[in-house]
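An overview of the molecular structure
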Amino acid sequence: MSAGLDPRLLARAREVVADTTGFRDDAIAQEAVERVLRAELARGRVPTEVLSELQQLGSPLAYTLVRAVLVGETYFFRQPEHFRYITQEGIPAALRHGAMHLRGWSAGCATGEEAYSLAACLLACAPAGMPVEVVGTDLHEASLEAARRGTYGAWSRRESAPALHPVYELLNGRQVSILPEVRKVTRFAPANLLAPLPERFGQFDFILCRNVLTYFSPSARDAAIVHLARALAPGGLLFLGTVEVDRAPPGLTREGAPELQAFRKPRPEERPFAQLPVAPPVPAPRMTPAPRRLSAPTPVSPTPPSPPPSPARMHLQALERIEEGNVAGATAVLELLVKQAPDYLPGLLELALLRERAGARDAAFPLMRALRTRAGQLPPDALVDGPEALPARFYLASADAYLNLGALE
Ligand SMILES: C[S@@+](CC[C@H](N)C(=O)[O-])C[C@H]1O[C@@H](n2cnc3c(N)ncnc32)[C@H](O)[C@@H]1O
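Everything in this summary refers to the structure shown in the same document. (Residues numbered from 1 in each chain as written. Predicted model: local features only at pLDDT ≥ 70, side-chain atom pairs only at ≥ 80, totals over all residues. Heavy atoms only, no water.)

Another aspect to go through is the environment of A13. For A13, the position within the fold is in helix α1 (residues 7-21). Apart from the residues lying within four places of it in its own chain, the contact partners of A13 are V33, L37, L54 and L65. (Helix = DSSP H or I, 4+ residues; strand = E, 2+ residues; numbered from the N terminus. Contact = heavy atoms within 4.5 Å.)

Helices that pack against each other are described as a pair by the angle of their axes relative to one another and the distance between those axes. The geometry of helix α11 (residues 327-340) relative to helix α12 (residues 345-357) is characterised by a closest axis approach of 9 Å and an angle of 145 degrees between their N-to-C directions. As for how α11 packs across α12, the hand of that crossing is left-handed. Together, V327, A330, T331, L334, E335, L337 and V338 of α11 and G347, L348, E350, L351, L354 and R355 of α12 make up the contact between the two elements. Looking at side-chain class alone, the contact of α11 with α12 contains eight nonpolar, two polar and three charged residues. (Axes fitted to C-alpha atoms, helices over the stretch in contact; angles between N-to-C directions. Left-handed = near helix turned anticlockwise from the far one by under 90°. Nonpolar A, V, L, I, M, F, W, Y, C, P; charged D, E, K, R; others polar.)

The end-to-end C-alpha separation of α11 is 20 Å, in line with the 20 Å expected for 14 residues at 1.5 Å each. Taken residue by residue, α11 has G329, A330, T331, V333, L334, L337 and V338 as its buried positions. (Expected span 1.5 Å × (residues − 1). Buried < 20%, exposed > 50% of the residue type's maximum accessible area, 1.4 Å probe, protein only.)

It is worth spelling out the sheet that holds strand β3 (residues 151-152) at this point. With antiparallel pairing, three strands are arranged side by side in an open sheet as β3-β5-β4. Of all strands in the sheet, those bounded by a partner on one side alone are β3 and β4 (168-170). Of the strand pairs in this sheet, β4 and strand β5 (residues 176-178) are connected by three bridges, and their pairing is antiparallel. Counterpart to Y168 in the pairing with β5 is I178. (Pairing = 2+ DSSP bridges.)

Turning to the site of the ligand, a few remarks are in order. Near the ligand there are 20 residues, and of these T74, R78, G108, D138 and N211 occur at the shortest range. Within the backbone of L193, one N or O atom sits 3.0 Å away from a nitrogen atom of the ligand. With respect to the ligand, the side chain of N211 contributes an N or O atom lying 2.7 Å from an oxygen atom. When isolated, the ligand has an accessible area of 600 Å², and the protein chains bury 99% of it. Split by residue class, the shell around the ligand holds nine nonpolar, six polar and five charged. (Near = heavy atom within 4 Å. Polar contact = N/O pair within 3.5 Å; in protein donor to acceptor, adjacent residues only side chain to side chain. Areas by Shrake-Rupley, 256 points an atom, 1.4 Å probe, with all protein chains shown as cover.)

This model, assessed by the stated rule, comprises nine aromatic pairs. When the centroid spacing of 5.4 Å and the interplanar angle of 20 degrees are considered together, the rings of F23 and Y215 count as stacked. One end of the pair, F23, is in the loop between α1 and α2 (30-42); the other, Y215, is in the loop between β7 (204-209) and α9 (218-230), and 192 residues separate them in sequence. When the centroid spacing of 5.1 Å and the interplanar angle of 85 degrees are considered together, the rings of F76 and Y152 count as edge-to-face. Placement of the pair is F76 in the loop between α4 (60-69) and α5 (80-96) and Y152 in strand β3, with a sequence separation of 76 residues. Taking relative accessible area as the criterion, F76 reaches 3% and is therefore assigned buried. Y152 sits in the buried class, given a relative accessible area of 4%. Within the aromatic cluster, the residues linked to one another by ring pairs are F76, Y116, Y152, Y168 and F188. (Phe/Tyr/Trp six-rings, centres within 6.5 Å; stacked < 30°, edge-to-face > 60°.)

Below, the discussion takes up the nonpolar core. Judged by nonpolar contacts, the single largest core of 46 residues is most densely connected at L37, W105, L228 and L240. Secondary structure elements with two or more residues in this core: α1, α2, α3 (47-55), α4, β1 (102-107), β7, α9 and β8 (232-240). The two domains that each donate at least three residues to this core are domain 1 (7-69) and domain 2 (80-270). Discounting residues that sit within four places of it in the chain, L37 has contacts with L5, L9, L10, A13, V50 and L54. Of all hydrophobic cores here, the second largest spans 36 residues; its members include F83, A119, A147 and L237. (Core = buried A, V, L, I, M, F, W, Y, C linked by side-chain atoms within 4.5 Å. Domains from an automatic or database assignment.)

With that settled, the discussion passes to the side chain of R264. As for its placement among the helices and strands, R264 is situated in strand β10 (residues 262-264). Assessed through its relative accessible area of 18%, R264 is described here as buried. A polar side-chain atom of R264 sits 3.0 Å from a polar atom in the side chain of E255.

This brings us to the side chain of E356. Within the secondary structure, E356 sits in helix α12. When neighbours within four sequence positions are excluded, E356 is seen to be in contact with P196, R361, A364 and Y402.

A few words on the packing of α12 against helix α13 (residues 361-376). Two elements in contact, α12 and α13, have axes whose closest approach is 8 Å; the angle formed by their N-to-C orientations is 155 degrees. Relative to α13, the element α12 lies roughly antiparallel. In the crossing of α12 with α13, the sense of the turn from one axis to the other is left-handed. Contacts between α12 and α13 pair L345, L348, L349, L351, A352, L353, R355 and E356 from the former with R361, A363, A364, L367, M368, A370, L371, R374 and A375 from the latter. (Parallel < 35°, antiparallel > 145°, perpendicular 65-115°, else oblique.)

Below is the structure:
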């Protein structure tokens, strides 16, 4: 019951939660929001004071609210079919393509059971001596602390999810502790799925993001999926929870049965654009005037001037450089692209994300603002050309999620 609570206060509190987490309004537990607000008022604060704190972006109260609504339910080897697919299909394919290491990301890891399950799975299947690394990220710091402790009770071990690989040992009658070798290859860090994962985390062969996006608004989910897809290594697999998306995320292809919700990032040679000829370099502008002809020119067969590379082609060149790890090269191509084709929305987004991942948020913001303005001028369903045709609303949602989030931090 919201009896006695100022409706403006409630509305603002819910708005802050939605902007920070990406949650849909109906996924924000009213009871949790009210509990936090009542506790503030019980401390003797007046509603206008609480409201004014909520107007300040990123205030302590905003984070208390966010913590109160996050749902951290998880357990070991949840959705075991994903771990089986990684073992039977994902790892053998990575090894066939010459993988030198296996890297996983548990995105929205809660208290860490998923990250440790993934680490145990990769360790069990990697050839001897092959480096394995798993990163677990979440918005909820207290959950991450529990993940780092790595001790769990019976609730984390469900009958419905078989212990597929060795992951913990008995600590005492009731608790288990993560095996040292699994712990060693797993680390945890705070991160919000509405922003790209910083570049220092690298790219991943396997990403699990399950039971997280289900709470998100459609636009926040689209934005988060872009960041997840970007963090996949070529050939890498993204696993989402059941019913979280009804089609393959942009740039990825579906793997296995539809209910598996597994999506693969094509390797460069599998991309539809890979067959296109490489565009010739843009001709340099002529600096000196051509000499005046004194006699009639000898007719020569005309050679058509080379067309400048299309924005999509330049974009693809930048993507290839990103995949080679040549971030400086990719940045140079994208800067040129944004200069030459400022209305090419995918270029604005790509350069903004590259800058964010490199920690240059100040440089990412103006690009995201330009993206929002330009995308907002198009009909939401208008298809925008790029390496993949996506509707304008997708670009608008990505820019909105990024700008809202940045404003709150
Ligand atoms: C229900 S748990 C799922 C845990 C695990 N992935 C699983 O399937 O067992 C959802 C987790 O997502 C996290 N989360 C929600 N919104 C997030 C966001 N915007 N960024 C990062 N983590 C988020 C929550 O804090 C929570 O720990």
